[in-house]
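# Examination of the molecular architecture
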Amino acid sequence: MSDLATLAIDAHGGLERWRRLKTVSARLVQGGVLWQLKGQNGVLDDVHVTVDLRKEWASHRPFGQPDRRSSFQPDRVAIETSNGDVVEERANPRESFRDHKFDTPWDSLQLAYFAGYAMWTYMNTPFLFAMPDVKTEELEPWQENGETWRRLKVTFPERIATHSTEQTFYFDRQGLLKRHDYEVDVAGGAAPAHYVSALTDVSGIVVPTTHTIVPRQPDGSSAPTPVIVSIDISEIEFK
């Protein structure tokens, strides 16, 4: 890993502490224009998510109905009953997004896939920098709002389902996450700027509890509106 990746991991609690944990769960209150645009308004407004910290897996509940939950893995996504019975499922789910544009509607399984990999990425940041075959490289610093942020380019292997192969993370002098840039491949390559704030210590791990995702301009600056996605995280529990 690069020195910046190590600094970021240490600032958020350190690998030793992280590796003692197996899952994280939290309540999500979400908004933004994306959900209505994708024909999924209201489904994820107020839900609980559980994310695995060892393998790539996540689940949201309730999912569309009170007794439904999602189950995401890179090669399979499903909607299940609360008892674990499969209601519907799809293998190789990323293939279903082929030729999608930003305003192409999603079905329920596509929503489950997107939300699953997105929350897995966010809740595992920055510790996923230490995962096998994840490559990190520090870029030139970035100036924003009178602050200087260090930038880290992260390249993910194909086996990891996430927004895009290459992503950029921004950190302050202490190594705390400030911003996250990527292209959303499953939404026509849309390019947002993803800001985080209200960092809190939970069980020795520093977690951003406010996420605000807005459009990114060609020069790298961000537009304040529209808010594409907002996520307020609470009731965080590591096990």
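Heads up: the structure comes first, above all this text.
Residues numbered from 1 in each chain as written. Predicted model: local features only at pLDDT ≥ 70, side-chain atom pairs only at ≥ 80, totals over all residues. Heavy atoms only, no water.

### Observations regarding unusual backbone geometry
Spelled out, the test is: What counts as a helix is a DSSP run of H or I of at least four residues, what counts as a strand is a run of E of at least two, and both are numbered from the N terminus. Throughout, exposure labels follow a simple rule: accessible area from a 1.4 Å probe, protein chains only, divided by the maximum for the residue type, with under 20% read as buried, over 50% as exposed, and the rest as partly exposed.
Here the residue pair Arg61 and Pro62 is connected by a cis peptide bond, since its omega of -10 degrees sits within 30 degrees of zero. Take Pro62: it is sitting in the loop between strand 3 (58-61) and strand 4 (68-73). With a phi angle near 55 degrees, Asn145 is a residue other than glycine that sits in the positive phi range. Considering the arrangement of structural elements, one finds Asn145 in the loop between strand 7 (135-144) and strand 8 (147-155). Residue Asn145 is classed as exposed on the basis of its relative accessible area of 70%. Not every positive phi belongs to a glycine, and Glu235 is a case in point at roughly 55 degrees. Within the element layout of this structure, Glu235 appears in strand 13 (residues 229-238). According to the relative accessible area criterion, Glu235 is partly exposed, its value standing at 49%.

### Quick notes on the pairing of strand 5 (residues 76-81)
Note the cut-off: Strands pair, by our definition, only if DSSP identifies at least two bridges between them.
The buried fraction of strand 5 is high, at 5 of 6 residues. Here 6 bridges tie strand 4 to strand 5, and the two strands are oriented antiparallel to one another. Among the inter-strand pairings, Arg69 is bridged to a residue of strand 5, identified as Glu80. Counted along the chain from strand 4 to the antiparallel partner strand 5, the turn is 2 residues long. For strand 5 and strand 6 (residues 86-91), the ladder comprises 5 bridges, and the chain directions are antiparallel. When the bridges of strand 6 are listed, Val77 appears paired with Arg90. Between strand 5 and strand 6, which pair antiparallel in sequence order, lie 4 residues; one of them, Gly84, sits at a positive phi of approximately 95 degrees.

### Re the packing of aromatic side chains
So the rule is basically this: Pairing of aromatic rings covers Phe, Tyr and the six-membered ring of Trp, with a centre-to-centre limit of 6.5 Å; geometry is then stacked below 30 degrees between planes, edge-to-face above 60, and tilted otherwise. Criterion for a charge above a ring: Lys NZ or Arg CZ within 6 Å of the ring centre, and within 35 degrees of the ring normal.
Enumeration according to the criterion identifies 13 aromatic pairs in this entry. Ring geometry for Phe97 and Tyr113: centres 5.6 Å apart, planes at 40 degrees, overall tilted. Of this pair, Phe97 sits in the loop between strand 6 and helix 4 (108-124) while Tyr113 is found in helix 4, placing the two residues 16 residues apart along the sequence. Each member of the pair, Phe97 as well as Tyr113, carries the same accessibility label: buried. Taking the centre distance of 6.2 Å and the plane angle of 85 degrees together, the rings of Trp149 and Tyr170 count as edge-to-face. With a gap of 21 residues between them, Trp149 in strand 8 and Tyr170 in strand 9 (residues 166-171) connect regions that are remote in the sequence. An identical accessibility class is assigned to Trp149 and Tyr170; each is buried. Among the aromatic residues, those joined into a ring-pair cluster are Trp35, Phe72, Phe97, Trp106, Tyr113, Phe114 and Tyr117. Just above the ring of Tyr117 sits the side chain of Arg94; from NZ or CZ to the centre is 5.5 Å.

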